[in-house]
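Spelled out from the first residue to the last, the chains are:
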Amino acid sequence: MSQKKDENSTTLRCRAEKLLSGQYINTDLEKKEDLHQLIQELQVHQVELELQNQELREAESKLEQNRARYMKLYHNAPVGYVILNQAGIIRETNTTFANMVGAESPHIHGKPFAEFLVPVDQPIFRARLRSFFKQPIDKHIELRLKSNDKSVRYVDLAATMQNSYEVLEQTANELLVTVSDVTTRVKAEQSLQKFQDFIVAIIDSLDSNVCVLDKDGTILLVNEAWRRFAAENASSTSNLVEGANYLDVCDNAQGDETETETARLFAAEIRAILKDEKDTFTFEYPCHSPDEQRWFTGTATKLIADNGYGKIVLRHQNISARKQLEHERIKLHNQLKQIEKAESLGVMAGAIAHNFNNILAAVVGNLELAQDDAQREGETITPLVKDALSAAWRASELSSLMLTYLGQKASARQPVDFSLACNQDFHLIDLAKPRGITITTDFPAPGPCVMVDRKQVQQIVSNLVINAWESIDGKPGNIHLTIYVARSKEITDKFRYPLEWQPQKHNYACLTVQDNGSGISNEDIEKIFDPFFTSKFTGRGMGLSVILGILRSYEGGVTIKSTIDQGTVFKIYIPVFSP
């Protein structure tokens, strides 16, 4: 229909031109009807043209309105629009982007886009620009855009190619870049990350080993103490890392019976918490290493997350220091009780020994007078009197030993060479030793000087050697004695007696007596210095008790180290004498 109208318009135009040029004046004047018809057709066509022109003007007006509306939307869009060429030069921008950089659009056009980025991000943009042109779909870059007011905002860049057939030739090979302001989101993420880092720092600062499990027992998070403990105990905790299943590790735990039972008990309690059968669980357990004795407190607690339960926090606290303090407290308490007991018994025993000595003096005196009277009168002394007198002397000697044990017996002390004092009557001990026993000595010459009673030193040596060969119990064995000077800090506090003795800062002469006998249990070591105590039926007496009493009077001490079926080492410490 449009083509037909165009043909009619052309015909009418030709006829009108001929009419106006006079071609029809002579030939068609007579045909007034044809002329009238021609004029009418021209008038109709004129009306049609005017109507078409009006439609065009209305369409142009609507197009202009739509264009204005589009430009308003384009310039006031919530995101910035930038058209870039392959060199990264800005060809066109909207008002939103101009506001982002704080400049008018005309002043932006023709400038490199990288110029509006912070210096650190400029090489990143240039490196990514080529890949954007090759394939912009689903590609994003987050960069920092700077403004004239020196403020910086985070933006996300996304692009679309402008080289399709729908665009004009001058826009070919151009990139339409959408610039979205993501400053609020990035700052929120940074704030969240800072908060998470703060929480992690708090958890990492705890000395407890902490981890979080999900509802299946998988480890989601561990703190620094947990990681450090796992690294230090790699042989037993190599599987306790993020992603591992804690319950499986506990179920398949290897080790002694106590360790496996502890692990399985903890796994069972965790499952009970996951089933909402309980809220928390705590227990103490040993976890010893080859280097130290360790104890821990294990705690499992529900964690409220995502508006409900479903996760568990585990905490393993090393309580070894507390356990050691408790052990020391119990040890000190027992030592205090023994000291108090020894002091009270000492007072009582001292009084009894002195009174016993007085009674024995009367008994011995009367028996001796009776013996003298019988001899003067020529009467035979009965064996009973002799036995009674011998028994009285033995009782007196026992009373003297008791006073020595209590440190209340006077002695004749003088500075002597410790090696000479120990070796003085040693040949008698060597002669009295049982068959199969070998005794060796390593005494330095000269030895350290000590302020002692020689007889008491010989008593110490003989009692220790006799105790040693009795522990060998008739079997072939070796006894070795050495003397050296020890510093106070070298003296151990384990099995050290008297309990109240504390080594001072000066040096000590040390006599070591070592045997390869049956050894002494830890329980018996605490009792061997009690008078008349023995773990055997033979050898009851006060030998070791007397040694302790002598050392107490010298402000010295003794330590014992023993292993069952391997032997015992006694170390006697006497202060070195300095004139």
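Residues numbered from 1 in each chain as written. Predicted model: local features only at pLDDT ≥ 70, side-chain atom pairs only at ≥ 80, totals over all residues. Heavy atoms only, no water.

A. Expanded view of empty space enclosed by the protein. Evaluated as defined, the whole model comprises 2 cavities of 30 Å³ or more. Of the pockets and cavities examined, the largest cavity occupies roughly 40 Å³. As for the largest cavity, its lining consists of L84, F113, F125, L129, F132, I141, L157 and V177. Counting residues per element, the lining of the largest cavity draws most heavily on helix α5 (residues 122-134), which supplies 3 residues. Partitioned by chemical class, the residues of the lining of the largest cavity number 8 nonpolar, no polar and no charged. (1 Å grid on protein atoms, 1.4 Å probe; cavity = no way out; pocket = protein on both sides within 12 Å on 5 of 7 lines; lining within 4 Å. Points joined across faces, edges and corners; volume = space filled by probe spheres on them. Helix = DSSP H or I, 4+ residues; strand = E, 2+ residues; numbered from the N terminus. Nonpolar A, V, L, I, M, F, W, Y, C, P; charged D, E, K, R; others polar.)

B. Region of the structure containing the sheet that holds strand β17 (residues 557-563). What the 6 strands build is an open sheet, ordered β12-β14-β16-β18-β17-β15; its pairing is mixed. Each of the sheet's edge strands pairs with one partner strand only, and the pair in question is β12 (437-442) and β15 (496-497). Sheet topology places β17 next to strand β18 (residues 567-575); 7 bridges connect them, and they run antiparallel. The partner of G557 across the bridge, within β18, is Y573. On the sheet, helix α15 (residues 454-472) packs against β12, β14 (477-486), β16 (508-515) and β18 and is oriented at approximately 145° with respect to β14. Of the strands in this sheet, β15, β17 and β18 are in contact with helix α17 (residues 543-553), which crosses β18 at around 25°. (Pairing = 2+ DSSP bridges. Contact = heavy atoms within 4.5 Å. Axes fitted to C-alpha atoms, helices over the stretch in contact; angles between N-to-C directions.)

C. Representation of the pattern of salt bridges within the structure. Under the criterion given, the structure shown has 19 salt bridges. Salt-bridge contacts for D121 lead to R144; the nearest nitrogen and oxygen are separated by 3.1 Å. You can see D121 sitting in the loop between α4 (105-108) and α5 and its partner R144 sitting in strand β3 (residues 141-146), a full 23 residues away along the chain. Accessibility expressed as a relative area gives 6% for D121, which makes it buried. (Salt bridge = Lys/Arg side-chain N within 4 Å of Asp/Glu carboxyl O. Buried < 20%, exposed > 50% of the residue type's maximum accessible area, 1.4 Å probe, protein only.)

D. Just the environment of L367, in detail. For L367, the location among the structural elements is in helix α11 (residues 320-376). Residues L367 and K386, 19 residues apart in the sequence, show an inter-C-alpha distance of 8.5 Å.

E. Representation of a negative patch on the surface. Together, D256, E257, E259 and E261 give the surface a local cluster of negative charge. For E261, the location among the structural elements is in helix α10 (residues 257-274). A relative accessible area of 46% places E261 in the partly exposed class. (Patch = residues over 30% accessible without salt bridge, like charges linked within 9 Å, V, L, I, M, F, W, Y side chains within 5 Å. Areas by Shrake-Rupley, 256 points an atom, 1.4 Å probe, with all protein chains shown as cover. Lys, Arg positive; Asp, Glu negative; His and termini not counted. Charge placed at Lys NZ, Arg CZ, Asp CG, Glu CD.)

F. Broad picture of the environment of A98. Looking at the secondary structure, you find A98 in helix α3 (residues 95-101). Sequence separation of A98 and G80 is 18 residues, and the distance between their C-alpha atoms is 7.9 Å. Setting aside its immediate chain neighbours within four residues, A98 contacts A103, E104, S105 and I108.

G. Highlighting the pairing of strand β13 (residues 449-452). Here β13 shows a buried face lined by V450 and V452 and an unburied face lined by C449 and M451. As defined by bridge partners, strand β11 (residues 414-417) adjoins β13 across 4 bridges and the pair is classed as antiparallel. Of the residues in β13, the one forming a bridge with Q414 is V452.

H. View of helix α7 (residues 224-232). Those residues of α7 that fall on the buried side of the exposure criterion are A225, W226, F229 and A230. For α7, the arc enclosing every buried residue in end-on projection is 135°, short of the 170-degree limit, so these residues lie on one face. Exposed and facing more than 90 degrees away from the buried side of α7 are A231 and E232. (Arc of directions from axis to C-beta.)

I. Structural context of the environment of L84. Assignment of secondary structure puts L84 in strand β1 (residues 80-84). Taking the C-alpha atoms as reference points, L84 and L176, 92 residues apart in sequence, are found 6.6 Å from one another. Those residues in contact with L84 that sit more than four places away from it in its chain are I89, I90, F113, F125, L129, F133, E174, L175 and V177.

J. Geometry of the packing of aromatic side chains. Scanning the entire structure with this criterion turns up 15 aromatic pairs. Ring geometry for Y74 versus Y81: centroids 5.6 Å apart, planes at 5°, classification stacked. On the basis of relative accessible area, Y74 is assigned to the buried category, the value being 11%. Ring geometry for W501 against Y508: centres 5.6 Å apart, planes inclined by 85°, an arrangement best described as edge-to-face. (Phe/Tyr/Trp six-rings, centres within 6.5 Å; stacked < 30°, edge-to-face > 60°.)

K. Highlighting unusual backbone geometry. Following A445, the chain continues into P446 via a peptide bond in cis, with omega recorded as -5°. Mapped onto the elements of the fold, P446 is located in the loop between β12 and β13. In this model, Y497 is joined to P498 through a cis peptide bond whose omega is -5°. Checked against the element boundaries, P498 lands in the loop between β15 and β16.

L. Representation of the nonpolar core. Of all hydrophobic cores here, the largest spans 44 residues; its most connected members are I479, L481 and L511. For this core, the element with the most residues is α15, which contributes 8 residues. The contacts of L481, once residues within four sequence positions are left out, are F426, I439, T440, T441, D442, F443, V461, V465, L511, T512 and V513. Residues A98, L129, L175 and V179 belong to the second largest nonpolar core, which totals 25 residues. (Core = buried A, V, L, I, M, F, W, Y, C linked by side-chain atoms within 4.5 Å.)

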